[in-house]
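# Structural overview for review
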Amino acid sequence: MTEFPTGRWQRLLEEWAIPPEMLDAVPDSPYGWSPELWERRVQIAREQGIETPTNLIIGSLLPHNGTLLDVGAGTGRASFPHAQDHPLTAVEKNPELADGLRERAAELGVAVRLIEGSWPETAGVVDVHDVVICAHVVYDVQEIGPFVRELCGHARRGVVVELTPDHPWSGLVPYYRALHGLERPTGPTYQDFVAVVEQVCGTSPEVEVWSRSGQVWFESWEEILDHYGKRLVLPRDRRDELRDLLAPDITEEDGRYFVGSRERTIVTVSWPIAR
Ligand SMILES: C[S@@+](CC[C@H](N)C(=O)[O-])C[C@H]1O[C@@H](n2cnc3c(N)ncnc32)[C@H](O)[C@@H]1O
């Protein structure tokens with residue numbers, strides 16, 4: 001039987017689910033970010049500047065005073081660089097991140113209309129905007145068909161999606177294997193996402209693959225073990241084992257610790273809207 005790209009996307013994301021007995025054995029959710037680490041990412045993104053391929057594409061699609069919609073905005077990392085010149089609407093489902101977005105907007109003096117809730121469920125109360133941006137969200141979305149359909153449906157000029165080439169947890173695959181004997185899926189990838197856009201929106205998007213230095217660094221081994229211990233669903237009494245496993249992949253510079261490659265590959269998928 002033919003598997004459509006939206007079905008393949010959903011199946012592969014479902015395969016990333018962590019077995020419930022592993023989750024039951026630990027006190028913390030593996031999915032969150034500590035506020036300190038997230039703030040550091042945002043700060044580094046700010047230092048890295050606005051001239052990313054994603055921002056250049058957004059800028060080329062936005063008309064003078066054109067409006068921007070940021071879906072899964074987090075604390076505004078992807079859209080705030082444009083918000084001085086363009087009316088911005090942000091959709092964010094996580095109340096803590098929505099609060100963070102309000103605070104950052106106030107700090108920076110950025111005007112933003114915030115819709116708190118999940119996409120596409122909130123799509124009915126959101127107007128069509130000139131450009132829709134959605135950065136580092138799609139691997140969270142199993143029901144990708146309606147999600148992408150509403151991105152297309154809310155853009156007058158174009159849609160820009162930024163994502164990693166493969167699932168953000170792909171780098172954890174060898175650690176899951178070593179610590180739990182658990183195999184993880186090999187997809188979905190950005191090519192699967194392109195196929196979803198072709199299926200749902202009937203257009204072949206532009207794809208740009210680029211790289212930047214990573215935005216996550218750690219202050220100490222303790223912080224590394226805390227973050228990776230949670231991500232890898234590891235009971236606290238196994239942290240020595242985790243330290244031994246991670247040690248060959250750690251580099252240190254000026255008191256900052258990095259795990260794995262310092263360079264990150266990023267993909268920008270964009271398509272104009274023909275109306
Ligand atoms: C990894 S963060 C990226 C945030 C921001 N776009 C950035 O690039 O920094 C993913 C964000 O998408 C939000 N999110 C995930 N699925 C969503 C959905 N269906 N509707 C609205 N927000 C969503 C999460 O709460 C989180 O804030």
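This text follows the structure it describes.
Residues numbered from 1 in each chain as written. Predicted model: local features only at pLDDT ≥ 70, side-chain atom pairs only at ≥ 80, totals over all residues.

### Considerations on the packing of helix α1 (residues 5-15) against helix α8 (residues 190-201)
At a minimum axis distance of 8 Å, the contact between α1 and α8 shows a crossing angle of 140 degrees. Classified by the interaxial angle, the pair formed by α1 and α8 is oblique. Our pair here, α1 against α8, has a crossing hand that is left-handed. Taking contact as the criterion, the partners of Pro5, Thr6, Arg8 and Trp9 in α1 are, on α8, Asp192, Ala195, Val196, Gln199 and Val200. Of the residues belonging to the contact of α1 with α8, the class tally is 5 nonpolar, 2 polar and 2 charged. (Axes fitted to C-alpha atoms, helices over the stretch in contact; angles between N-to-C directions. Helix = DSSP H or I, 4+ residues; strand = E, 2+ residues; numbered from the N terminus. Parallel < 35°, antiparallel > 145°, perpendicular 65-115°, else oblique. Left-handed = near helix turned anticlockwise from the far one by under 90°. Contact = placed C-beta atoms within 7 Å. Nonpolar A, V, L, I, M, F, W, Y, C, P; charged D, E, K, R; others polar.)

### A closer look at helix α4 (residues 53-61)
Every buried residue of α4 is accounted for by Thr54, Ile57, Ile58 and Leu61. Along the long axis of α4, the arc covered by the buried residues comes to 100 degrees, so they all point the same way. The secondary structure elements touched by the buried residues of α4 are β4 (129-135), β5 (155-163) and β9 (263-272). (Buried ≥ 20, exposed ≤ 12 C-beta atoms within 10 Å, placed from the backbone. Arc of directions from axis to C-beta.)

### Some words on the sheet that holds strand β2 (residues 88-92)
The mixed open sheet is built from 7 strands, whose spatial order is β3-β2-β1-β4-β5-β9-β6. Across the chains shown, the open sheet's two edge strands, defined by having one partner strand only, are β3 (112-116) and β6 (206-213). The sheet shows a mean angle of 20 degrees between the axes of neighbouring strands, taken without regard to direction. In terms of strand pairing, strand β1 (residues 68-71) meets β4 through 3 bridges, oriented parallel. By the bridge assignment for β4, Leu69 is matched with Val132. Along the sheet, α4 makes contact with β4, β5, β6 and β9, crossing β5 at roughly 180 degrees. Against the sheet, helix α6 (residues 144-153) contacts β1, β4 and β5, and its axis sits at roughly 135 degrees relative to β5. (Pairing = 2+ DSSP bridges.)

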